Amino acid sequence: MIRLNGSKWRVDIAPELGGGLLAGRYDGVDVMYPARLPVSGFAPLCLSSFPLVPFSNRIRDGKFAFNGQDIELEKPMPGEGNAIHGHGWVRPWSVLSFADKSATLELVHDASDWPWDYVARQDFSIKKDAFTHTLSVTNRSRSPMPAGLGLHPYFPRTSDCEVEYAVRGVWTGPVHGIPARREELPSYMDFSTRKVPGPEFIDHCFEGWTGQAELRWPDRGVGIRMGADDAARHLVTYFPCGEDFFCIEPVTHMNDAVNWHGDQNETGLRVLAPGESLSVTMTLTGFELS
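Presented here is a report on the structure given in the accompanying data block. Model, not experiment: these values are computed from the prediction.

## Some details on the overall build of the protein
Reasoning step 1: Along the protein, the regular secondary structure elements total one helix and 26 strands.
Reasoning step 2: The C-alpha atoms of the protein give 18 Å as radius of gyration, which agrees with the globular expectation for 290 residues (19 Å, within 12%).
Reasoning step 3: The principal-axis extents of the C-alpha atoms in the protein amount to approximately 60 × 45 × 35 Å.
Reasoning step 4: When each of the 290 residues of the protein is scored for burial, the buried share is 53%.
Reasoning step 5: The contacts in the protein between residues at least 6 apart in sequence include a share of 64% that link residues at least 24 apart.
Reasoning step 6: Element-wise, carbon and sulfur atoms account for 47% of the exposed surface of the protein, whose accessible area totals about 11900 Å².
Reasoning step 7: When the 27 positive and 37 negative side-chain charges of the protein are each reduced to one mean point, those points stand 3 Å apart.

Here it is as structure tokens:
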């Protein structure tokens, strides 16, 4: 484990567990859902956060075609019929550097089921009230590579936790996690005004995210503001029924983007030329409630 310490933040990182996070505390409060250790079941789902690389969320049946090549991906998650979340969350990462308030991890992928070479990096830093996490990927192969990124943080869900973020529309479809159409937001998915999430199940990808979100825990006296750079204009949110956590995930593209016939502005999917890189940055800024 690597521990970053700031005046207000403490972040624990587990390079061997998919380069994921074990904890994120602000002013002594768990503002990220603490890892459930010892791990029981599928380890990545027990973490506080994990990286999504070289794609976010699901690829239907783990299959897609690109530049005349039919590709079939491994499905590492038990019981999941689709390829999900890429490689980074299930592989150990190397530590390139580590200091009290910063760390850099690296993952090198040689072509396999994903038939391109790439290198991914995670940069973590703490500065005053802010914790910043940057994930990047560089195409090391000799041919263009489709690419996408995301971050998958978990947050504690208390009875009075309040959530606020603005999006433009939601992707839905008959197959869970696989989009078929874009729709207007139903009221229970609309968090443009701060509110306590209702009992409805939400596990959807949204478009037109502003790149800002705010989470508050009045019973704990703290909140955090999430900010993401322009690369993340899609958002995945997960509010499971009967659980004491939820997820707000900045991502660069819609679910199953490699199988969706739209342009980059619609899907968010990037095609990286050899040597080209893509990155996404999330900053969590803590604050005390008055």
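Let us keep going from here.
## Some details on the pairing of strand 8 (residues 69–72)
Reasoning step 1: Judged from the four bridges that link them, strand 7 (residues 63–66) and strand 8 form a sheet pairing that is antiparallel. Counted as the bridge partner of Phe64 is Ile71 from strand 8.
Reasoning step 2: Once strand 7 ends, the chain turns through two residues before running back antiparallel as strand 8, passing Asn67 with a positive phi of about 50°.

## Notes on the environment of His261
Reasoning step 1: Inspection of the secondary structure assignment puts His261 in the loop between strand 24 (245–251) and helix 1 (264–267).
Reasoning step 2: Judged by relative accessible area, His261 falls into the exposed class, the value being 82%.
Reasoning step 3: For the pair formed by His261 and Glu249, sequence separation is twelve residues and the distance between their alpha carbons is 23 Å.

## Describing the nonpolar core
Reasoning step 1: The biggest cluster of nonpolar side chains holds 80 residues, and the ones touching the most others in it are Phe155, Tyr165 and Ile248.
Reasoning step 2: Considering every element that reaches this core, the biggest residue donor is strand 24, with five residues.
Reasoning step 3: Residue contacts for Ile248: discarding those within four places in its chain leaves Pro153, Phe155, Val163, Tyr165, Leu215, Met226, Leu235, Val236, Thr237 and Phe239.

## As for the sheet that holds strand 1 (residues 2–5)
Reasoning step 1: Pairing within the open sheet is antiparallel, and its four strands lie in the order 1-2-3-4. In this open sheet, the two edge strands, each paired with only one partner strand, are strand 1 and strand 4 (29–32). Neighbour-to-neighbour, the strand axes of the sheet open up by a mean angle of 25°, direction not taken into account.
Reasoning step 2: Bridge count between strand 1 and strand 2 (residues 9–14): four bridges; the pairing is antiparallel. Paired with Leu4 across the bridge in strand 2 is Val11.

## Regarding the sheet that holds strand 13 (residues 130–139)
Reasoning step 1: As summarised here, the arrangement of the eight strands in space is 10-11-12-13-26-22-21-17, forming an open sheet in which the pairing is antiparallel. Across the chains shown, the open sheet's two edge strands, defined by having one partner strand only, are strand 10 (94–99) and strand 17 (162–165). Between one strand axis and the next, the sheet turns by 10° as a mean value, whatever way the strands run.
Reasoning step 2: Pairing geometry for strand 13 and strand 26 (residues 277–288), over nine bridges, is antiparallel. Counted as the bridge partner of Phe131 is Leu284 from strand 26.

## Some thoughts on the side chain of His152
Reasoning step 1: Looking at the element boundaries, His152 is found in the loop between strand 15 (150–151) and strand 16 (154–156).
Reasoning step 2: Residue classification places His152 among the buried residues on the basis of a relative accessible area of 6%.
Reasoning step 3: When residues no more than four places from it in sequence are discounted, the contact partners of His152 are Ser48, Ser49, Phe50, Leu52, His85, Cys247 and Glu249.

## Here's the deal with the environment of Phe131
Reasoning step 1: The residue Phe131 is located in strand 13 in this model.
Reasoning step 2: Using a relative accessible area of 0% as the deciding quantity, one classes Phe131 as buried.
Reasoning step 3: Once the C-alpha coordinates of Phe131 and Gly62 are considered, the two residues, 69 residues apart in sequence, prove to be 34 Å apart.
Reasoning step 4: Those residues in contact with Phe131 that lie beyond four places of it in its chain are Trp9, Val11, Leu21, Phe124, Ser125, Ile126, Met282, Thr283 and Leu284.

## Re the pairing of strand 12 (residues 118–127)
Reasoning step 1: Direction of pairing for strand 11 (residues 102–109) relative to strand 12: antiparallel, over a ladder of eight bridges. Across the sheet, Leu105 pairs through a bridge with Gln122, a residue of strand 12.
Reasoning step 2: Note: strand 12 against strand 13, ten bridges, orientation antiparallel. Its bridge partner lying in strand 13, Ser125 is registered against Thr132.
Reasoning step 3: Taking the residues between adjacent antiparallel strands as the criterion, strand 12 and strand 13 are bridged by two residues, where Lys128 takes a positive phi near 55°.

## Things to note about the packing of aromatic side chains
Aromatic rings considered in pairs are described by the distance between their centres and by the relative angle of their planes.
Reasoning step 1: If you walk through the whole model with that rule in mind, you get 18 aromatic pairs.
Reasoning step 2: Between the aromatic rings of Phe64 and Trp114, the centroid separation amounts to 5.9 Å while the plane-to-plane angle is 45°, which identifies the pairing as tilted. Taken together, the residues Phe64 in strand 7 and Trp114 in the loop between strand 11 and strand 12 connect sequence positions 50 residues apart.
Reasoning step 3: The exposure class assigned to Trp114 is buried, which follows from its relative accessible area of 1%.

Here is what the cut-offs are and how they apply
Residues numbered from 1 in each chain as written. Predicted model: local features only at pLDDT ≥ 70, side-chain atom pairs only at ≥ 80, totals over all residues. Heavy atoms only, no water. Helix = DSSP H or I, 4+ residues; strand = E, 2+ residues; numbered from the N terminus. Rg over C-alpha atoms; globule rule 2.2 N^0.38 Å. Buried < 20%, exposed > 50% of the residue type's maximum accessible area, 1.4 Å probe, protein only. Contact = heavy atoms within 4.5 Å. Areas by Shrake-Rupley, 256 points an atom, 1.4 Å probe, with all protein chains shown as cover. Lys, Arg positive; Asp, Glu negative; His and termini not counted. Charge placed at Lys NZ, Arg CZ, Asp CG, Glu CD. Pairing = 2+ DSSP bridges. Core = buried A, V, L, I, M, F, W, Y, C linked by side-chain atoms within 4.5 Å. Axes fitted to C-alpha atoms, helices over the stretch in contact; angles between N-to-C directions. Phe/Tyr/Trp six-rings, centres within 6.5 Å; stacked < 30°, edge-to-face > 60°.

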